[in-house]
Amino acid sequence: MMSNSPLVNYTKISPNKNSPRSHKIDTITIHCVVGQLSVESLGAIFAQTSKKASSNYGIGSDGRIGLYVEEKDRSWCSSNADNDNRAITIECASDKTSPYAVNDKVMNSLIKLLVDICRRNGIKELKWKADKSLIGQVDKQNMTVHRWFAAKSCPGDYLYSRHGEIASNVNKILRGNEHVYTANTKLTPEKFISTIAPIVMKYHDKYKFGFPSIIIAQACLESGYGTSNKVINPMTGAYRHNYFGLKYRPGRVFVNNGYFTESGSEQNADGSYTPGKFDWYKFPSMDAGVEGYFQFIKNGLYKNAVLAKTPEEYIVELKKAGYASSLDYVSKITNVVNVRELTKYDDKKPLTYTEPKGTYWVGYLVADLKIGTKGKIVKFAQKLLNGAGLKVQEDALYGEKTAKAVSDFQSKNSLAVTGEIDAKTWLKLTASNGIHI
Ligand SMILES: [Zn+2]
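Residues numbered from 1 in each chain as written. Predicted model: local features only at pLDDT ≥ 70, side-chain atom pairs only at ≥ 80, totals over all residues.

(A) Region of interest: the overall build of the protein chain. What the protein chain contains, in helices and strands, is 15 helices and 10 strands. By residue count, 42% of the 437 residues in the protein chain fall in the buried class. Counted over contacts in the protein chain with a minimum sequence separation of 6, partners at least 24 positions apart contribute 64%. (Helix = DSSP H or I, 4+ residues; strand = E, 2+ residues; numbered from the N terminus. Buried ≥ 20, exposed ≤ 12 C-beta atoms within 10 Å, placed from the backbone. Contact = placed C-beta atoms within 7 Å.)

Quick look at the structure:
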């Protein structure tokens, strides 16, 4: 019993077809419409017998899916009867000129639809070799393109060059691995940052705490630059807009759209991971996802972070209060800030942790400090020593007195007494201050 996709939003059955198809469905043929059309406009074209054309499905420029020829029937789409008798054909709204690009909504719907077609028709995986000589050998390649059957550029270079990536994304979802969904092919890190940065700055102005550089870096890291399964449901393609990995805590956030449950993992103090199922906030938009973050921090147990005067203090306080379980969260965040040059979003104020150049947080786990070292990192170490009950001046100079304090600290904590801060001493020193790195 052949069925049609439950993902269809609009149906207008075309007279241009053969019923029923003469071959079992074992092939996929993706086409470009050459026009940013809606599913209704495409349906109106295929409704005309004079056009002598149709497809099984069409995806409009808004991502909605149309059904024009039922799966049990053969569409007139690929200029080849053998192909159309065994293929599901899909027309995608595209630009009118080469490379006939499709937008992300179309791409996401295409992935969804392909997953559904494969599941219902027993196609275990999509195979693509870009090899015309393999037509009909579906055990080697079960995707075909119109340009192999007629003097056409269809599906256009944009879709043609992404066939391998489309197959790979579909196959990952078919195998049940939700965490690798990357259908958002046009969302580069740069584009993600330029999209979310103005929203972060808007709510930074409204809530008046935190630092845009750090918050944008958190969104980059937590969401994989807008591509994680917390942002998009990998099974349906529906947006969840949770860019900060915010776990659901009733009463803390007021702009959300309920929550969803999904597995994740938390890192333990010894570096191991504990997997589990967690509830995560779901938001109606990126705007709400960002405001949700500010509410989450403001109404949570992050008082010290809200009061932070510098970006590094902000991220350290968030970590201390349990925002993230990843042991190297602080250095990961500051690394993103430096690599992506996000400090320009901090009201143009110079960043305080630029000395030694860009390596302050990134390097502090491995940098051995000893007599003669100076700078911000020494001042931070002195602050930690004071926090651990020693008494040193926070003058950013590693002199005899700091070395003596370090020796005392090492002796008290059963560490080798060297007067120098090595990795083990750093770990103890930060732990004594409640910072678990
Ligand atoms: Zn075509």
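(B) Structural view of helix α10 (residues 311–320). Most of α10 is tucked away, with seven of its 10 residues classed as buried. Within the sequence span of α10, burial applies to Pro311, Glu312, Tyr314, Ile315, Val316, Leu318 and Lys319.

(C) Highlighting unusual backbone geometry. In the segment running from Ser19 into Pro20, the intervening peptide bond is cis, with an omega of -5°. Counting through the fold element by element, Pro20 comes out in the loop between β2 (17–18) and β3 (27–32). Going from Ser98 to Pro99, the amide bond is cis rather than trans, its omega being 10°. Within the secondary structure, Pro99 sits in the loop between β7 (87–92) and α3 (104–120).

(D) Broad picture of the pairing of β3. Across the six residues of β3, six count as buried, placing the element largely inside the fold. By the bridge criterion, two bridges tie β3 to strand β8 (residues 143–144) in an arrangement that is parallel. Bridged to Ile28 within β8 is Met143. (Pairing = 2+ DSSP bridges.)

(E) Layout of the sheet that holds strand β5 (residues 65–67). With mixed pairing, six strands are arranged side by side in an open sheet as β1-β5-β4-β7-β3-β8. For this open sheet the edge positions go to β1 (10–11) and β8, each flanked by a neighbour on one side alone. Both β1 and β5 contribute to a ladder of two bridges, which runs parallel. For Tyr10, the partnering residue across the bridge sits in β5 and is Gly66. Against the sheet, α3 contacts β3, β4 (57–59), β5 and β7, and its axis sits at roughly 165° relative to β7. (Axes fitted to C-alpha atoms, helices over the stretch in contact; angles between N-to-C directions.)

(F) Spatial organisation of the packing of helix α6 (residues 189–207) against helix α8 (residues 286–298). With their axes 9 Å apart at the nearest point, α6 and α8 run at an angle of 40° to one another. One way to sum up the angle between α6 and α8 is to call them oblique. Of the two possible hands of crossing, α6 and α8 adopt the one that is right-handed. Contact residues: Ile196, Ile199, Val200, Tyr203 and Tyr207 in α6; Met286, Asp287, Val290, Glu291, Phe294 and Lys298 in α8. Partitioning the contact of α6 with α8 into residue classes produces eight nonpolar, no polar and three charged. (Parallel < 35°, antiparallel > 145°, perpendicular 65-115°, else oblique. Left-handed = near helix turned anticlockwise from the far one by under 90°. Nonpolar A, V, L, I, M, F, W, Y, C, P; charged D, E, K, R; others polar.)

(G) Examining the environment of Leu126 more closely. Tracing the backbone through its elements, the reader meets Leu126 in the loop between α3 and β8. Each C-alpha atom of the pair Leu126 and Ile28 lies 8.3 Å from the other, and the pair is 98 residues apart in sequence. Discounting chain neighbours no more than four positions away, the residues touching Leu126 are Ile28, Leu114, Cys118, Asn142, Met143, Ala167, Val170 and Asn171.

(H) Representation of the pairing of β7. The buried count for β7 comes to six of six residues, which makes it a mostly enclosed element. Side chains of β7 alternate between two faces, with Ala87, Thr89 and Glu91 and Ile88, Ile90 and Cys92 buried alike. In this sheet, β7 lies alongside β3 in parallel orientation, the contact comprising six bridges. For Thr29, the partnering residue across the bridge sits in β7 and is Thr89. Two strands pair when backbone bridges link them, and β4 and β7 are joined in this way by three bridges, in the parallel orientation. Each bridged residue has a counterpart across the sheet, and for Ile59 the counterpart in β7 is Cys92.

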